[in-house]
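Here is what each chain is made of, one letter per residue.
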Amino acid sequence: MKFVILWSDALIFLLVFALIAFFINLRRDPQTRERWSQVFGSRLGMVTFVVIMTYVLVALTDSIHFREALAPDPGGNGEQVFYDNKVRSVLDFALGDMGTQHERTYSAPFALNSFAKENLKDADGNDIRDFPRLVHAGIHLESVDQRSGDIAWNTVLGILKGLLVAGLLILPQWLLLRRSVFPWHMAWATQAVIICMASLLVQLSAFYHVLGTDVAGTDVLYQSIKGIRTGVLLGTLATLVMLPIAVTLGVAAGYFKGWVDDVVQYLYTTLSSIPGILLIAASVLLFQVYIDLNPDYFEVGLEKADAKFVALCFILGVTSWSTLCRLIRAETLKISQLEYVQAAIAFGVGNTRIVFRHILPNVVHIILITFVLEFSALVLAEAVLSYIGVGIDPSMPSWGNMINGARDELAREPTIWWTLVGAFFFMFMLVLAANLFSDLVRDAFDPRTSLKEPL
Amino acid sequence: MSRLNILGAGLFSICLLGACSEGAWNNPNAPESGDESIYYSVIYAQPPKHLDPAQSYATDESLFISQIYEPPLTYHFLKRPYELIPLSLASMPTVEFLDRRRNPVEPGSDKIAFSRYTLTLRDDLRYQPHPAFAQDDSGAPLYLFDSAEQSDAYRIIPDFPESGSRLLSSDDFIYGIKRLADPRNKSPMLGFMAQHIVGLREFTYRLNHMDRGPWLDLDEQAMLGLERIDERRFTITIHDTYPQFVYWMAMHFFAPVAREVDRFYHNPGFKEKNLTLDWWPVGSGPYMMVKNDPNSEIVLQRNPNFHEDYYPSEGAPGDEELGYLQDAGKRLPFIDRAHFRLEREVLPLWTKFLQGYYDRSGEVHSNTSNYFDQAFSVSPDGLELSEEMRSHNLTISQDVKPSIYYYGFNMRDPVVGGYSEEKRKLRRALTIAFDLEEFGKVFEEGNIISAQSPIPPGIPGAIEGEAGINRYIYDWVDGEPRRKSIEYARQLMVEAGYPNGRDLETGEPLRIFIDTQSQAMQGANSAIPNWIARKIGRLGVQVEFRPADWNRTREKLMTGNTQIFSHGWLADYPDPENFMFMLYSPESPLICKCDGTNNSNYENPEYDKAFERMRVLEPGPERDAVVAELVEMWRRDAVWMITYHPLEFFLNNEWVYNTKRHGISKDTLKYVRVDDELRLQRQAEWNQPVTWPLLAGATGVIAMILPGLVAYRRRQRATLKSQG
Amino acid sequence: MIAYIIRRLLYAIPILIGINLLTFTLFFVVNSPDDMARSQLGEKYVTEQAIENWKIENGYDKPLFLNREQEFPASITETIFYTKSVRLFAFDFGRSESGRDITSDVSQRMWPSLALALPNFVIGIWVNICVALMVVMFRGTKLDRWAVFVFVMLMSISYLFYIIGGQYLVAKQWKLVPISGFNAGVQPWKFLILPVLIGVVAGIGAGARWYRTLFIEEANQDYVRTARAKGLSEVAILFRHILPNALIPILTGVVVLIPTLFMGSLLMESFFGIPGLGNYMLEAIRSQDFAIVRAMVFIGSILYITGLLLTDISYTVADPRVRLS
């Protein structure tokens, strides 16, 4: 086994560590602590946080990649170990065979037979045309009639297993936190529900394609789950990329004023007046050409797709920094007028010191609010970009690519709806949780509690 | 506030009531007057970009150009194999061979330096009515302007009140060919035709180095290879012999263009209004363009000046039974007006077809598969339709598209290229593992034919049945070709030096790289790479894809920097030469340093010699034998990994007749007949609106407002009380 | 005020130059003039000569930014960048790579875009305000909280689902309206019902939530409390005080969007086959038609800058205390 560290893997773990350090740091500040307790003091805050954390966890387990070693050559030649060119992740490992149980082509959720007819031989050896049995779904059943019973049985079994695991997980939490003032019971309930769902899906997926299969016979549920990493990473990495630019420029403009301010203002007015979609399209094409021209930098196909993905995050970040920059600039302007800052300047305190001691800590809430607000917008934007043809590389599983591929399937008779539903459900849950959570964060951190951007 | 809402709901329902006065609510077409026969069809995804016969070179554009212009020749509508017949000519062109001094010599002589074609026109060809032909009382053109301001009032062609017409003469054809040579027209044929037509290169050179105004009268510039004999006869002289040249005369590049029209479109200010020949074609064909809003609709109207033309009375075997000869001998065209609407998305397009608002599907497929005719699949027993479609009595007309799609090996590649027996076996093993038949079923709805040779069925040189199969890849089992087993492929891998896909010496797994065009791997096709990797992975071989856009792919092909690549070829004419030249070594981009078509860089002197012989042979058994030799070399060397020919379909609603699909020619609209009555009837039947959602929606809105109102009133009363 | 407007307009010039420079660089790194020629000339029988011709005919035969063969002024002016940009500033957008006149196309396509975007915009605002007002009447109650939850839910659905779902249900299954198309001759409103309906429904979540916040902010103001103390009824307070006062931030918030209505909607126009500018852009991106993209970027930027200017002006109109300087 050989570990593969993709660019996006490295970035996301970097981000996670940075966030953890950031929060530990913030705990010292009583005001911030109070605000966070306002967020987590609400039941909705608990629920949405757990949901988001689940998504993040899935994304993280899907971000530890490795290539499996191939069995030694039977010819016995060479000592060297060679690796598979398929990159797998810990998540693939956890999902078991879900990703490798390919059917021939479409099949409906829980179906036992393929969606398309084929030439078959019946018991007497005659050619007939019928829906063939699937290769991996319900093979343990003796007849089709047993299916509903089997599904029901596995459902019960899955939920029971889930309850057991949930109990084991929640018990220590309960012992630890039962005296806490926060509504932890909501978090536990959510955890229990999520674990039961997961266990149910795993249980059923062992025997059926819960969300059917797509045109190439790949399990749709598997694809939807694999889409989580793409969605979560896009939402976070793009902001990560834009933060340093926006903060540096914003603070510089607000603090130094004069020509610095003019230049920064010129930059963001220029960038924000270009219709966003055109700017993104042009930049994405630029990166794609660059990557296409240098195929040797990437050993396996996934690395190339990943480079395109990181580039897309980068572009989305660069094209969306102007809003944050504007906000930070305004805030810095305000703060630098405050008496104690003026006093510090008068005492000859260095610029760096003032910026780091007085200004940065006071714009953190803006950064935080933008971060959570942008997140859901970016996840939604991915689908649109895929439709336009400048989105995630088609070889990478993502909800946008699923929707893009599935919109034609709706025109079929009978309709193939499950790919769309799969992508919809997973995307909707993430965006909903993120939106609700961001509402709470904003209420807690923004003293004016109003949205100043139109629509 | 609630009053406002009710008002809104009311407005919405009034809108809907207004809709029901005009038949079905969802009818996207204008109400029909009933005295015209109208045809409704689709432009899919991309509007045509060029309609200038010299400039256009795309199938979706020739759909329009072919209805409007009449090149000298065309193909017989019904007969198969394809047969050339005169269209604007009175008879097939005659050819004579000349030596270097332009003295006639015998066919087949080695002194031949030129071939001269003589074309004789029909005498009843008249242009469509068009303002370019409008004249004032003195006979001078009516619409010639000195400045852009004078023509301000005219934005589109129908804005011009006056129009005229005239008979065609041989000058118009000569003018059309000269336009190919004019660099300003950016004709894609310029380079190719310069190799063949005598004097064309010099003509282009002269125009390029000439001081010229906005318009140049090409009639005043002579071209060596074009000679006018009289009003109805002219000659074209080409270098050497090129028997396939007649096929080019069936393409719109050789369509006539009137000098007046060219002059007219060069009026000052016209270009800025898109009043150009590229946008408003003018011809003598069965239809003329009356509306060109490519963003939404193109409308063709019957040309009142169209010459006498009749439905053919003989066809291919089986045409009688399919009803293709019912209208034999009737005057063409049948349809008075044809609407082509732009659709970008499959769901609306398909829905309208099933609602009866489009007459046929599949008029233009720039991409053959996955896009439109999804609702059916083709099995060996014939067409399989879903329940709903069967109740619609749809019919289908299919033909093999004279084209090939293939994944080729780069023969210069050190890993998969080369001509040794091991390398051949390796390539064959990969070919067998890439289960093309399965690929066709999964990704192309079964609408492809696995190629046994580079020549599609229906074109001379293609052999049907057991004798025609590729023995290296297929066995003949139960009356059909069957791909050899994966075990056999594994055995080949052993013989090629890659047991289990591992290098015999190092044990390293074999990795192959496939270059594809990224646009072809999007949407529903994005699952293809994984699928291929899975199939070839059965040999233990690792597959990597390197998708890139068209320009980058082309660069890779030009520099030979590729291992396996996907490519396609749409033939210009139904002749084996147009396919087999793709393996001719001078066509290799690495050898000719040009955009050659031999992207595999296949070099085989034996092949080259045989090809050169075949190229100049007259059709017949001798030529067939040479073609068979060429095909065998292609099979033995396993130059291409997979090769297939797409099938093309029309799906027809039951009121459309004479819709036989023609693989090459697009000028078939004049044969189509539509039963307008039946269409109206079916449209009414199929489009009964479902009204309960409207009621449910209205109820929902009221249900949301009412309790709110009640609660609000109660609350207010409570406030009042507490205050009182 | 006039001086202010003139200054703002002058300030727009360097911005437009910057935009031009940026789009130019981005696109030419991707596609050299040779590439553009090839994508226009097709894939068969392309010769070097044909490419040269194409470049000459379309004005791509000069160097990009700097012409080293010329003396100073000409070394700048005899370049692709200069010749192509100068014409933009004169609102001459030239021809697309396929040879169409862009100005004429834009002026034609603007109207269908507007025909869709304007009703969408107006009805959208009206519906959102109605819904928000209704919710504000119940502020502080459970109903209010649930309404906000529903808004957030509506917001969390991808726009693509609204469109695909709407087309599938309303037009395909229920056959209430034509599924797509735009026929200016035949009752164009018939084709607009569905896209407008979808646009409005898709916008309710974000829109109504925003208006609700504005109204509530207004409702918490002192003067509202005074009015209530005077014994005015809730309806009277809502319509006489809250609504007119909240209209100011609404007006100034949406004014910036008005000019961009001309640009149309990329997704809507594409799915409903409406021949507007959104569709035009999408086509240009997909076929990498640089001339159209450049023109659209230019137009888009001008409209955006106009929007910003209008916003500033509307502040003074709405609130006489604000003075522009």
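A. Just the state of the cysteines, in detail. Residues and elements named next belong to chain B. Evaluated as defined, the whole model comprises one disulfide over all chains. Here Cys592 is linked by a disulfide to Cys594, with a sulfur-sulfur distance of 2.2 Å. Taking the sign of the S-S torsion, -90° for the link of Cys592 and Cys594, the bridge is left-handed. Exposure remark for Cys592: the relative accessible area of 27% places this residue in the partly exposed category.

B. View of the confidence of the model for chain C. Summarising the model, chain C shows a mean pLDDT of 84, and 96% of its residues fall at 70 or more. Confidence scores differ between elements of chain C, with helix α4 (residues 72-77) of chain C showing the lowest mean pLDDT of 75 and helix α8 (residues 159-173) of chain C the highest of 91.

C. Local environment of the interface of chain C and chain B. Every contact between the two is made by 65 residues of chain C and, on the other side, 78 residues of chain B. With both sides pooled, the region where chain C packs onto chain B buries about 6300 Å², and carbon together with sulfur makes up 55% of that total. For the pair chain C and chain B, the interface holds one salt bridge. Here Glu283 of chain C makes a salt bridge to Arg344 of chain B, at a shortest N to O gap of 2.4 Å. Applying the counting criterion to the chain C and chain B interface returns eleven residue pairs in polar contact (both at pLDDT 80 or more). For the side of chain C that touches chain B, the secondary-structure elements that each account for two or more residues are α2 (33-41), α3 (48-57), α6 (102-137), α8, α9 (188-219), α11 (234-255), α12 (266-272) and α13 (277-287) of chain C. Top element by residues in the side of chain C that touches chain B is α6 of chain C. It accounts for nine residues. Residues that form the side of chain C that touches chain B fall into these classes: 28 nonpolar, 22 polar and 15 charged.

D. Structural view of the packing of aromatic side chains. The full count for this structure, using the stated rule, is 68 aromatic pairs over all chains. Seen from their ring centres, Trp210 of chain C and Tyr211 of chain C are 5.2 Å apart, and the 55° between their planes marks the pair as tilted. Accessibility classification places Trp210 of chain C together with Tyr211 of chain C in one group, the buried group. When the ring centre of Trp174 of chain A is taken as origin, the NZ or CZ atom of Arg178 of chain A, which lies over that ring, is 5.1 Å away.

E. Expanded view of the nonpolar core. Core analysis: the largest hydrophobic core is formed by 242 residues, its most contacted members being Trp399 of chain A, Tyr407 and Met641 of chain B together with Met296 of chain C. Discounting residues that sit within four places of it in the chain, Tyr407 of chain B has contacts with Phe434, Ile514, Thr516, Met521, Ile528, Ile532, Ile564, Phe565, Ser566, Trp640, Met641 and Ile642 of chain B. Among the nonpolar cores identified, the runner-up in size contains 90 residues, and Leu121, Tyr143, Phe245 and Trp686 of chain B belong to it.

Calculation rules
- Residues numbered from 1 in each chain as written.
- Chains lettered and ligands numbered in written order.
- Predicted model: local features only at pLDDT ≥ 70, side-chain atom pairs only at ≥ 80, totals over all residues.
- Heavy atoms only, no water.
- Disulfide = S-S within 2.5 Å.
- Buried < 20%, exposed > 50% of the residue type's maximum accessible area, 1.4 Å probe, protein only.
- pLDDT = per-residue confidence, 0-100.
- Helix = DSSP H or I, 4+ residues; strand = E, 2+ residues; numbered from the N terminus.
- Contact = heavy atoms within 4.5 Å.
- Buried area = accessible area lost by both parts, 1.4 Å probe.
- Salt bridge = Lys/Arg side-chain N within 4 Å of Asp/Glu carboxyl O.
- Polar contact = N/O pair within 3.5 Å; in protein donor to acceptor, adjacent residues only side chain to side chain.
- Nonpolar A, V, L, I, M, F, W, Y, C, P; charged D, E, K, R; others polar.
- Phe/Tyr/Trp six-rings, centres within 6.5 Å; stacked < 30°, edge-to-face > 60°.
- Lys NZ or Arg CZ within 6 Å of the ring centre and 35° of its normal.
- Core = buried A, V, L, I, M, F, W, Y, C linked by side-chain atoms within 4.5 Å.

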